[in-house]
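Close look at the chain arrangement
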Amino acid sequence: EKGGFDHFMLKEIFEQPKSISDCLRGRIHPEEAWIKLGGLRDYIGKLANSKRIVFVACGTSWHAGLVGEYLFEELARINVEVEYASEFRYRNPIIREGDIVIAISQSGETADTLAALELAKSKGAIILGVCNVVGSSIARVTHAGVYTHAGPEIGVASTKAFTAQVSVLSLMAIATAHQKGTITEDTFRRLLWELQEMPKKVEMILQKADEIKDISKLFTFASNFIFLGRGLNFPVALEGALKLKEISYIHAEGYPAAEMKHGPIALIDEDMPVVFIATRDSSYEKVVSNIQEVKARKGRVIAIVSAGETEVQKMVDFTIEIPNTHEMLQPLLSVIPLQLLSYYIAVLRGRNVDQPRNLAKSVTVE
Ligand code: M6R
């Protein structure tokens, strides 16, 4: 049932080219330049007219929501807030007419996310869902939604569900932006093409699994880790840290790279490995200077870089190259090496990666 893999988590990481293409199937057509989200037929117009979108979610799904925030703001120019479902539900949230609340949940059963959604509904919001499990409680309570079609996810650590959620949020943001006219026809087509190419590019990263395994051997006994990224790669840094914590029990924190100076830099020394996501995008130069600051304090650095990159390569201890894509879609690629890195470190530490201690696959009590 693990399809020849040692763990469900590894199987699910390797399934991502397929799960992403299943998620996109029938929904985009780059040649004919269309995007179709059956489940949201009547709602893309409402999204385009909305003044505010609120994402509610927990854990990895909340990280997907943060990616969604950048996507909707940048492409569709809509004000977005991303809330932990557990906080949203207990603080008398302000919902105005035309606000749209979107729950993101792999299982569709997370108690806090469901309760947040019901609260938003009772206050008159349009509620939408991005769920993986068909017919789940969240899928049933929402006005409409989009399934991620990632297939069953067994490993407690979410991997393919995350990339499917980000794929769906990209589709939703692109469709909304297209409808609203906030992106050019050129950008629209380019994004569709890049999405279409995604499974192939993910495959290229998976082929580097052995390289990543070798790097992980040198970090097996670290007791702390910091993950840093900017822009769309900030939520990826958070996700990388969460993955490592959950399955290896190594203390890890994710930060926007620029926040480092406001505290975390005090932690940097030769015993503090730092993972940078330093792809060639609009914040690249800034990230490079953040890397210099860490190296000046003897931090050991692993950097996720764009193919063909040489500058960062010279500065850091290890680099993992990933293919180039449109900046807005970068998280779909940059998260993959981080999933593999956590997996291999956890296995080397002898952890039960599929069922880490104290964790349940879905948290159905608050
Ligand atoms: O099923 P959901 O997406 O609602 O679950 C949310 C979180 O419990 C979940 O993402 C959790 O953080 C994972 N273990 C992360 O790997």
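Residues numbered from 1 in each chain as written. Predicted model: local features only at pLDDT ≥ 70, side-chain atom pairs only at ≥ 80, totals over all residues. Heavy atoms only, no water.

Under an unreviewed UniProt entry, the name given to the protein chain is Glutamine--fructose-6-phosphate aminotransferase [isomerizing], and the organism recorded is Leadbetterella byssophila. One UniProt comment on the protein chain, placed under Subcellular location (unreviewed entry), says "Cytoplasm". A UniProt comment under Function (unreviewed entry) is attached to the protein chain, and it reads "Catalyzes the first step in hexosamine metabolism, converting fructose-6P into glucosamine-6P using glutamine as a nitrogen source." (UniProt positions renumbered as here; feature names shortened; annotations may be inferred.)

Structural notes on the pairing of strand β8 (residues 224-229)
Of all 6 residues that make up β8, 5 are buried, and the element is covered over most of its length. Here β8 pairs with strand β9 (residues 251-256) via 6 bridges, running parallel. Within β9, the residue paired with G229 across the bridge is P256. Read as a crossover between parallel neighbours, the route from β8 over helix α11 (residues 233-248) to β9 is right-handed. Judged from the 3 bridges that link them, β8 and strand β10 (residues 274-278) form a sheet pairing that is parallel. Across the sheet, L228 pairs through a bridge with F276, a residue of β10. (Buried < 20%, exposed > 50% of the residue type's maximum accessible area, 1.4 Å probe, protein only. Helix = DSSP H or I, 4+ residues; strand = E, 2+ residues; numbered from the N terminus. Pairing = 2+ DSSP bridges. Right-handed = clockwise from strand over helix to strand, strands pointing away.)

Looking at the confidence of the model for the protein chain
With 100% of its residues at a pLDDT of at least 70, the protein chain reaches an overall mean of 96. Per the prediction output, this complex has pTM 0.97; the corresponding ipTM is 0.99. (pLDDT = per-residue confidence, 0-100.)

Some words on the packing of aromatic side chains
Aromatic ring pairs are defined here through the distance separating the ring centres and the angle between the ring planes. In total, this model carries 7 aromatic pairs according to the counting rule given. Seen in terms of ring centroids, F219 and F318 are 5.8 Å apart; in terms of plane orientation they differ by 80 degrees. Their pairing is edge-to-face. Here the residue F219 occupies a position in the loop between α10 (209-217) and β8, and F318 occupies one in strand β12 (residues 318-322), the gap between them amounting to 99 residues. Look at F219 and you get buried, because its relative accessible area is 1%. Overall, the relative accessible area of 26% leaves F318 in the partly exposed class. Clustering of aromatic rings is evident, with ring pairs tying together F219, F225, F227 and F318. (Phe/Tyr/Trp six-rings, centres within 6.5 Å; stacked < 30°, edge-to-face > 60°.)

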